[in-house]
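# Remarks on the overall topology
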Amino acid sequence: MTSNQTDCHYCLQSLRGRKYALREENAYCVTCYDSLFANPCEECKQPIECDSKDLAYKGRHWHERCFKCSKCSRSLVEKPFAAKDELLLCTECYSDEYSSKCFHCQKTIMPGSRKMEFKGSSWHESCFVCQYCRQPLGTKPLITKDNENYCVPCFEKHFAHHCYSCKKVITSGGVTYHDQPWHKECFVCAGCKTQLSGQKFISKDEYPYCVDCFSKLYAKKCASCKKPITALGGAKFISFEERQWHGECFNCAKCSVSLVGQGFLTRQDDVLCHECGCA
């Protein structure tokens, strides 16, 4: 070797019999190398000499002895760790301070493990299961009842109402009629099949009818105007000898005065007030 190849590249002192370090194929004595290239330790702020192990993480450097949890001070060398606000933490300390708790078992969800999120709560993947069949729910459709989660088949089997008409499961909404559940689309007039949800209807022999169908099929006819008497909304009607009248139609056949609450006389099919009946 020539003389310049055995000298420090910076201070030019001989390296014969001395420790040295190489950088970009140039040799440096330890003192020059440390002063020129050694990284400062994040913990103790001292340079990390060339004969010390330099541990780096995201552009920062530590001595091996300084690479430890900022809370419990345990060494993090060759151990899993997490960073929070530029602080290094062992997984136990990080979990105690920042990790979510499982909604089901209330235990910490450790960093690196799979976490399920549902309705603002966190779950271990192994805890996020159907309450009945215990199968993982993952991203499957589910239904919640009393803070417990169920897959759709189990919920339908154990809790869901079945439509009185079509016998299928009612998943939302529905109508109750005679203490029985119905789909809105199944709750229809027994006559014309028009949907009755939110509409006025009349019950006959446990079947619902719209007002028009009930009137056509079952309602009595007014002896005066011949229109059906449905009595919807509390409308008054008068009945006499198997004949019925709307309250507003029960009038004297001759002078048209109202006979509601009044005495009256009959002549063939007519009803008359006393004055007209005696005339």
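For the structure itself, look to the data block above.
Overview of the structure. These numbers come from a predicted model, not from an experiment.

## Things to note about the pattern of salt bridges
A full pass over the atoms with the stated rule returns four salt bridges. As a salt-bridge pair, Arg114 and Glu125 come within 3.0 Å of each other at their nearest N and O atoms. With Arg114 in the loop between α2 (91-98) and β7 (115-118) and Glu125 in the loop between β8 (121-124) and β9 (142-145), the pair connects residues that are eleven residues apart, well separated along the chain. Residue class for Arg114 comes out exposed when judged on its relative accessible area of 54%.

## Thoughts on the nonpolar core
Residues Trp182, Phe187 and Cys189 are the most contacted members of the largest nonpolar core, which totals 15 residues. When contributions to this core are tallied by element, the ones reaching two or more residues are β13 (175-177), β16 (207-210) and α4 (211-217). Once residues within four sequence positions are removed from consideration, Phe187 is found in contact with Val175, Tyr177, Trp182, Thr194, Gln195, Leu196, Ser197, Phe201 and Pro208. Counting residues in hydrophobic clusters, the runner-up holds 14 residues, among them Ile48, Leu55, Phe67 and Leu89.

## A short note on the packing of aromatic side chains
One pass over the structure, following the stated rule, counts 23 aromatic pairs. Between the aromatic rings of Phe118 and Phe128, the centroid separation amounts to 5.8 Å while the plane-to-plane angle is 55°, which identifies the pairing as tilted. With Phe118 in strand β7 and Phe128 in the loop between β8 and β9, this pair connects stretches of sequence that are ten residues apart. Put simply, the rings of Tyr164, Tyr177, Trp182, Phe187 and Phe201 pair up and form one aromatic cluster.

Criteria and thresholds
Residues numbered from 1 in each chain as written. Predicted model: local features only at pLDDT ≥ 70, side-chain atom pairs only at ≥ 80, totals over all residues. Heavy atoms only, no water. Salt bridge = Lys/Arg side-chain N within 4 Å of Asp/Glu carboxyl O. Helix = DSSP H or I, 4+ residues; strand = E, 2+ residues; numbered from the N terminus. Buried < 20%, exposed > 50% of the residue type's maximum accessible area, 1.4 Å probe, protein only. Core = buried A, V, L, I, M, F, W, Y, C linked by side-chain atoms within 4.5 Å. Contact = heavy atoms within 4.5 Å. Phe/Tyr/Trp six-rings, centres within 6.5 Å; stacked < 30°, edge-to-face > 60°.

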